[in-house]
Amino acid sequence: MHKYTMRVHEFTAKAANLSSEPVPADASPAPAVDDPQNPTRITVYTHTGTAAALRIAQRHLTLIHARLAYTTPGSVDRTAADIVYSEARARAESLTASQRHEESLHHLHSEDDALRMDALTDVMSERGELDL
């Protein structure tokens, strides 16, 4: 597994000056940014190379942007992904705990599905419904 660190500009991962270094095979860290309000650097981990690292980084930045647009309206310009997350979040909040659990078992088929699952996970996490 490798740790990839890259620059971020306006919530977009930049491949220029990307660095990587090996990490222990059993490591499974989550992506991380230096500042969730205005990230300038992101670190991701993957076994599958630079292209995968860029995809993981961009997906994580999209999620951070959507969360920021949801929790602090007006702080960023809204995107289509922000709207998908917001609608999914509102739906998840309207469900019962057992309905959210059932929803959490569904498969992902698209980037929008991934954002919807992230919104569901955020709600479940805030309500202590995740078995981690």
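See the structure above.
Treat the numbers as computed from the prediction; the structure is a model and nothing was measured.

Asks: Help me understand the overall build of the protein chain, please; the structure alone is not making it clear to me.
Replies: Check the secondary structure of the protein chain and you find 4 helices and 4 strands. Shown N-terminal to C-terminal, the secondary structure of the protein chain runs as helices and strands in the order β-β-β-β-α-α-α-α. For 132 residues, the compact-globule estimate of 2.2 N^0.38 gives 14 Å, and the C-alpha radius of gyration of the protein chain, at 16 Å, lies within 12% of that figure. Along the first, second and third principal axes, the C-alpha atoms of the protein chain reach 45 × 35 × 25 Å. Scored against the burial criterion, the 132 residues of the protein chain give a buried share of 35%. Within the protein chain, residue pairs in contact and separated by at least 24 positions form 52% of the contacts whose partners lie at least 6 positions apart. Accessible area of the protein chain: about 7,900 Å², with a carbon and sulfur share of 51%.

Asks: Is there a simple way to think about the nonpolar core in this case?
Replies: A general trend in soluble globular proteins is that nonpolar side chains are found buried together. Judged by nonpolar contacts, Tyr4, Met6, Val8, Ala13, Ile42, Val44, Ala53, Ala57 and Leu61 together constitute the single largest core of 9 residues. If you list the elements that add at least two residues to this core, you get strand E1 (2-9), strand E4 (41-46) and helix H1 (50-71). Excluding residues within four positions of it along the chain, Tyr4 makes contact with Leu18, Ser19, Ser20, Ile42, Thr43, Val44, Thr46, Gly49, Thr50 and Ala53.

Asks: Please explain empty space enclosed by the protein as it appears in this structure.
Replies: If a probe as big as a water molecule is rolled over the atoms, it shows which places are left empty. Using the criterion set out here, one finds 1 cavity of 30 Å³ or more in the structure. Space inside the largest cavity adds up to approximately 30 Å³. Lining the largest cavity, in full, are Arg59, Thr62, Glu111, Ala114 and Leu115. Contributing elements (two or more residues each) for the lining of the largest cavity: H1 and helix H4 (111-126). Per-element tally for the lining of the largest cavity: the top contributor is H4, with 3 residues. A breakdown of the residues in the lining of the largest cavity according to their chemical character gives 2 nonpolar, 1 polar and 2 charged.

Asks: Please explain the layout of surface pockets as it appears in this structure.
Replies: Counted as a void, the largest pocket has a volume near 210 Å³. Lining the largest pocket are Ala88, Arg91, Ala92, Leu95, Glu103, His106, His107, Leu108, Asp113, Arg116, Met117 and Leu120. Elements supplying a minimum of two residues to the lining of the largest pocket: helix H2 (80-94) and H4. With 4 residues, H4 is the single largest residue contributor to the lining of the largest pocket. Its residues assigned to classes, the lining of the largest pocket shows 6 nonpolar, 2 polar and 4 charged.

Conventions adopted
Residues numbered from 1 in each chain as written. Predicted model: local features only at pLDDT ≥ 70, side-chain atom pairs only at ≥ 80, totals over all residues. Heavy atoms only, no water. Helix = DSSP H or I, 4+ residues; strand = E, 2+ residues; numbered from the N terminus. Rg over C-alpha atoms; globule rule 2.2 N^0.38 Å. Buried < 20%, exposed > 50% of the residue type's maximum accessible area, 1.4 Å probe, protein only. Contact = heavy atoms within 4.5 Å. Areas by Shrake-Rupley, 256 points an atom, 1.4 Å probe, with all protein chains shown as cover. Core = buried A, V, L, I, M, F, W, Y, C linked by side-chain atoms within 4.5 Å. 1 Å grid on protein atoms, 1.4 Å probe; cavity = no way out; pocket = protein on both sides within 12 Å on 5 of 7 lines; lining within 4 Å. Points joined across faces, edges and corners; volume = space filled by probe spheres on them. Nonpolar A, V, L, I, M, F, W, Y, C, P; charged D, E, K, R; others polar.

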